[in-house]
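Here's the letter readout for the chains.
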Amino acid sequence: MEKMVIEGGHPLYGRVKINGAKNAALPIMAACLLTKGTSKLKGIPNLTDVTTLCKILNHLGVVTERRPDGSLEIAVKEEKNVTAPYDLVRTMRASICVLGPLLGKRGMAKVSIPGGCSIGPRPVNLHIKGIKSLGAQVKVKDGYIIATGKRLKGNVVYLGGPYGSTVLGTCNVIMAAALGEGRTIIDNAACEPEVQDLVNFLNKAGAKISGIGEKNLIIDGVDELNGIEYEIIPDRIEAGTFMIAGAIIGGNIVLENDIACHLTSVVDKLQEIGADIQISNENKESCNGTKYCECIVKSNGEIRPTNITTLPYPGIPTDMQAQFTALLSIAKGVSIITERIFPHRFMHVAELNRMGANIRNEAAIAIINGVPSLSGTTVMASDLRASASLILAGLVAEGITEIRRLYHIDRGYERLEDRLSSLGAKIWREKE
Ligand code: EPZ
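So, how was this worked out
Residues numbered from 1 in each chain as written. Predicted model: local features only at pLDDT ≥ 70, side-chain atom pairs only at ≥ 80, totals over all residues. Heavy atoms only, no water. Patch = residues over 30% accessible without salt bridge, like charges linked within 9 Å, V, L, I, M, F, W, Y side chains within 5 Å. Areas by Shrake-Rupley, 256 points an atom, 1.4 Å probe, with all protein chains shown as cover. Salt bridge = Lys/Arg side-chain N within 4 Å of Asp/Glu carboxyl O. Helix = DSSP H or I, 4+ residues; strand = E, 2+ residues; numbered from the N terminus. Buried < 20%, exposed > 50% of the residue type's maximum accessible area, 1.4 Å probe, protein only. Polar contact = N/O pair within 3.5 Å; in protein donor to acceptor, adjacent residues only side chain to side chain. Contact = heavy atoms within 4.5 Å. Near = heavy atom within 4 Å. Phe/Tyr/Trp six-rings, centres within 6.5 Å; stacked < 30°, edge-to-face > 60°. Lys NZ or Arg CZ within 6 Å of the ring centre and 35° of its normal. Core = buried A, V, L, I, M, F, W, Y, C linked by side-chain atoms within 4.5 Å. Axes fitted to C-alpha atoms, helices over the stretch in contact; angles between N-to-C directions. Parallel < 35°, antiparallel > 145°, perpendicular 65-115°, else oblique. Left-handed = near helix turned anticlockwise from the far one by under 90°. Pairing = 2+ DSSP bridges. UniProt positions renumbered as here; feature names shortened; annotations may be inferred.

Caption draft 1: Structural detail: a nonpolar patch on the surface. A surface patch of nonpolar side chains, amounting to about 210 Å² of accessible area, comprises Val334, Ile336 and Ile365. Of note, Val334 is situated in strand S21 (residues 334-338). Looking at Val334, the relative accessible area reads 47%, which means it is partly exposed.

Structure, rendered in structure tokens:
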């Protein structure tokens, strides 16, 4: 086992390139199950979650290969197997995104139900409701969702849950309906950029889906989809995490290959509390017409308190909540964070308090009394974004911070310590 070691107190200067988005990569890789021929996906990051999904796809008769140019080639070779087994699914909840494409293309899917995780219960009732509305027979047996249905039939599907829509549930229904018969309308579809990217991929592959980024998505079933070349969007959560790194310790960093409009709420909040963020060089165009840019993040490390509520896109993402919690722990005053997507997602609070933060968590709220400084100690990462928040806290803490259970960070950030080091942070891995 490895641990991350950080010597705090070094401001960040320089340029860093934002990688492709994990949460766009995973459903798009799964969508290749729907296609004939080979797809060449560019910008797929090197992450353990990507490796896990490759293993599941391999198990399902799909060949996946990293090419020397970094792209990932995906080709379906045989379509007999329809089972995503527990041993593979248990390590990554996003494995559920093979449910829709397996059912839509092979007429049957048997997918292990992902367990809960440290960010709270992770129900899949909306996924099941969605595919049932398309005519699938669904039963839950021995820990598996077993869904059957030869060509699915279009219908109106409402995807609202207690905390809004569902990102991967929307992806599953889109993929199940893409090769179905007739028109499916998803009412209250998730609008996240990663869902939009999946739709752009499918449309380029031959699907007929309109309403991209809107609450009503209209999917007109087609007979086949073809393998294509596609570049996935940059990771807005990785970009936001680097922005907070720049804001928490101060300095002047430039994020390359970002799409600013995916992060408007985060940039707006950071500007409100003291960071200076400028967007420049909107040059290259993504396939949905949004512009890639550079973001310049300057800060003197002085942060004002604020209130934050996480919301579905375009609100502040729940995947940025832990990082904001770390940042606001050194703000000059009291901040309140309300978590409206995963109300139990506060495992990082106790660890930040071990570093000297003063945060009280009650129900879905964190009340943060800003402290003048944090101090390094040994802390445990509980999930991906919690790991990121502890690394951010370590950058500004006095002395040495050691983060255990490091495997969480490699699920979603590629070589984070190398990239922070290149900006001037003192951060490295050691054997535990
Ligand atoms: C996606 O998870 C992301 N994962 C998560 O990122 C992200 O936090 C989440 O969306 C919200 O933005 C991937 O894209 C791989 P949801 P997903 O279904 O789709 C409730 C990260 O750190 N719900 O949109 O699984 C659910 O409990 C990860 O990168 C139901 O009630 O999340 C939650 O309260 C973590 N029934 C809310 O909806 C359902 O059937 C939103 O969850 C499904 C969800």
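Caption draft 2: A look at the side chain of Ser299. Within the secondary structure layout, Ser299 lies in strand S19 (residues 293-299). Taking relative accessible area as the criterion, Ser299 reaches 12% and is therefore assigned buried. Looking at Ser299, its side chain comes within polar contact range of the main-chain nitrogen of Gly301, at 2.7 Å. Among residues more than four places away in sequence, those in contact with Ser299 are Gly246, Ala247, Gly250 and Gly251.

Caption draft 3: Examining the side chain of Arg419 more closely. As for its position among the elements, Arg419 is in helix H14 (residues 416-422). From its side chain, Arg419 meets the backbone oxygen of Glu414 in a polar contact 3.0 Å long.

Caption draft 4: Region of the structure containing the site of the ligand. Not every one of the 25 residues close to the ligand is listed here, only the nearest: Asn125, Thr166, Asp319, Ile341 and Arg385. One of the side-chain nitrogen or oxygen atoms of Lys22 is found 3.0 Å away from an oxygen atom of the ligand. One nitrogen or oxygen atom from the side chain of Asn125 is found 2.7 Å from a nitrogen atom belonging to the ligand. Here the ligand, which alone exposes 820 Å², has 92% of that area covered by the protein.

Caption draft 5: Spotlight on the packing of aromatic side chains. All told, the structure shown has 1 aromatic pair when counted by the stated rule. With 5.6 Å between their ring centres and 85° between their planes, Phe201 and Tyr230 make a pair best called edge-to-face. Here the residue Phe201 occupies a position in helix H7 (residues 193-204), and Tyr230 occupies one in strand S16 (residues 229-231), the gap between them amounting to 29 residues. Exposure remark for Phe201: the relative accessible area of 0% places this residue in the buried category. The residue whose ring lies beneath Lys110 is Tyr144, and the NZ or CZ to ring-centre distance is 5.0 Å.

Caption draft 6: Just the nonpolar core, in detail. One finds Met29, Leu41, Val98, Ile174, Phe201, Leu202 and Leu225 to be the most contacted residues of the largest nonpolar core, which totals 74 residues. In terms of residues, this core owes the most to one element, helix H6 (residues 167-178), which gives 8 residues. Of all hydrophobic cores here, the second largest spans 68 residues; its members include Phe242, Leu255, Ala331 and Leu416.

Caption draft 7: Representation of the packing of H6 against H7. Closest axis-to-axis distance for the H6/H7 pair is 10 Å, and the angle between their directions is 15°. Our classification of the angle between H6 and H7 gives roughly parallel. Of the two elements, H6 crosses H7, and the hand of that crossing is right-handed. Facing H6, whose interface residues are Val167, Thr170, Cys171, Ile174 and Met175, H7 presents Val195, Leu198, Val199 and Leu202.

Caption draft 8: A look at the pattern of salt bridges. The tally for this structure, following the rule as stated, stands at 26 salt bridges. Asp220 is the partner of Arg183 in a salt bridge, and the nearest nitrogen-oxygen pair spans 2.9 Å. Highlighted residues: Arg183 in strand S12 (residues 183-187) and Asp220 in strand S14 (residues 216-220), separated in sequence by 37 residues. A residue is classified by how much of its surface remains accessible, and Arg183, at 47% relative accessible area, is partly exposed. Accessibility expressed as a relative area gives 23% for Asp220, which makes it partly exposed. Across the salt bridge formed by Glu362 and Arg360, the nearest N and O atoms sit 2.3 Å from each other. Members of the salt-bridge network, linked through shared partners, are Glu2, Asp410, Glu417 and Arg429.

Caption draft 9: Focus on the sheet that holds strand S22 (residues 358-362). What the 4 strands build is an open sheet, ordered S20-S21-S23-S22; its pairing is mixed. In the strand order of this sheet, the two ends are held by strand S20 (307-309) and S22, each with one partner. With direction set aside, neighbouring strand axes in the sheet form an average angle of 15°. Sheet topology places S21 next to strand S23 (residues 365-369); 5 bridges connect them, and they run antiparallel. Bridge pairing links Ile336 to Ile367 in S23.

Caption draft 10: Molecular detail of the UniProt feature "modified residue: 2-(S-cysteinyl)pyruvic acid O-phosphothioketal" (unreviewed entry) in the protein chain. UniProt's entry tags Cys117 with the feature "modified residue: 2-(S-cysteinyl)pyruvic acid O-phosphothioketal" (unreviewed entry), counted in the numbering of this structure. Secondary-structure assignment places Cys117 in the loop between strand S8 (108-112) and helix H5 (125-133). Judged by its relative accessible area of 34%, Cys117 falls in the partly exposed class.

Caption draft 11: Structural view of the sheet that holds S8. If you trace the 4 strands from one edge of the open sheet to the other, you get S7-S8-S10-S9, paired in mixed fashion. Of all the strands in the sheet, just strand S7 (83-84) and strand S9 (137-141) have a single pairing partner and so form its edges. Bridge count for S7 against S8 is 2 bridges, and the pairing is parallel. Opposite Ala84, over in S8, you have Val111 as the bridge partner.

Caption draft 12: Spatial organisation of unusual backbone geometry. Residues Tyr313 and Pro314 are joined by a peptide bond in cis, for which omega reads 10°. Secondary-structure assignment places Pro314 in the loop between S20 and helix H10 (321-328). Positive phi, normally seen in glycine, also occurs at Arg405, with a value near 60°. For Arg405, the position within the fold is in the loop between strand S25 (400-404) and helix H13 (407-410).

Caption draft 13: View of the pairing of strand S1 (residues 2-7). Sheet topology note: the S1/strand S26 (residues 426-431) ladder contains 6 bridges and is antiparallel. Across the sheet, the residue bridging to Met4 is Arg429, located in S26. Here S1 runs beside S25; their pairing, made up of 4 bridges, is antiparallel. Bridge pairing links Met4 to Ile403 in S25.

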